[in-house]
Amino acid sequence: MLETTALQRNHLYSFRGQQLRYSHRKDFEVNARLVFTNSLGRRFELSQNQVQREVIELNEFREN
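Residues numbered from 1 in each chain as written. Predicted model: local features only at pLDDT ≥ 70, side-chain atom pairs only at ≥ 80, totals over all residues. Heavy atoms only, no water.

A.B. asks: Could you clarify how one ought to interpret the pairing of strand 3 (residues 33-37) in this entry?
C.D. replies: Consecutive side chains of a regular strand alternate in pointing toward one face of the sheet and then the other. As paired elements, strand 2 (residues 18-26) and strand 3 share 5 bridges and run antiparallel to each other. Bridging across to strand 3, Tyr22 finds its partner in Phe36. Alignment of strand 3 against strand 4 (residues 43-46), held across 4 bridges, turns out to be antiparallel. The partner of Val35 across the bridge, within strand 4, is Glu45. Following strand 3, the chain reverses through 5 residues before pairing antiparallel with strand 4; Gly41 in that reversal takes a positive phi of roughly 85°. (Pairing = 2+ DSSP bridges. Helix = DSSP H or I, 4+ residues; strand = E, 2+ residues; numbered from the N terminus.)

A.B. asks: What am I meant to see in the pairing of strand 1 (residues 12-15) here?
C.D. replies: Burial along strand 1 is two-sided: the face carrying Leu12 and Ser14 and the face carrying Tyr13 and Phe15 are both buried. Pairing between strand 1 and strand 2: 4 bridges, direction antiparallel. In the sheet register, Tyr13 faces strand 2, and the bridge partner there is Leu20. Following strand 1, the chain reverses through 2 residues before pairing antiparallel with strand 2; Arg16 in that reversal takes a positive phi of roughly 50°. (Buried < 20%, exposed > 50% of the residue type's maximum accessible area, 1.4 Å probe, protein only.)

A.B. asks: Explain the nonpolar core to me, please; I cannot follow it from the model alone.
C.D. replies: Soluble globular proteins: nonpolar side chains tend toward being buried together. Membership of the largest hydrophobic core is limited to 11 residues, which are Leu7, Tyr13, Phe15, Leu20, Tyr22, Leu34, Phe36, Phe44, Leu46, Val51 and Val55. Contributions of two or more residues to this core are made by strand 1, strand 2, strand 3 and strand 4. Other than its neighbours up to four places away in sequence, Phe36 contacts Leu7, Tyr13, Leu20, Arg21, Tyr22, Ser23, Arg42, Arg43, Phe44, Leu46 and Val51. (Core = buried A, V, L, I, M, F, W, Y, C linked by side-chain atoms within 4.5 Å. Contact = heavy atoms within 4.5 Å.)

A.B. asks: Can you help me understand the side chain of Ser23 in this one?
C.D. replies: Assignment of secondary structure puts Ser23 in strand 2. The buried category is assigned to Ser23, whose relative accessible area is 18%. A polar contact of 3.0 Å, which involves the side chain of Ser23, links it to the side chain of His24. With residues up to four places along the chain from it excluded, the contact list for Ser23 reads Arg9, Val35 and Phe36. (Polar contact = N/O pair within 3.5 Å; in protein donor to acceptor, adjacent residues only side chain to side chain.)

By themselves these figures say nothing about function.
Printed below as a string of structure tokens:
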């Protein structure tokens, strides 16, 4: 679905029905985890496989 290299910081993504913002990558772990946060500030750490299979980028509507 989505390549992990295409993730952009602070962009909105959908994972299992939840809207999450991409925060950063934890490179210091053996299996680099990708960190997302929801609107309540709860952190989700997803593997690259989870991102490639289940994360969908959402287009945000912004007012000018």
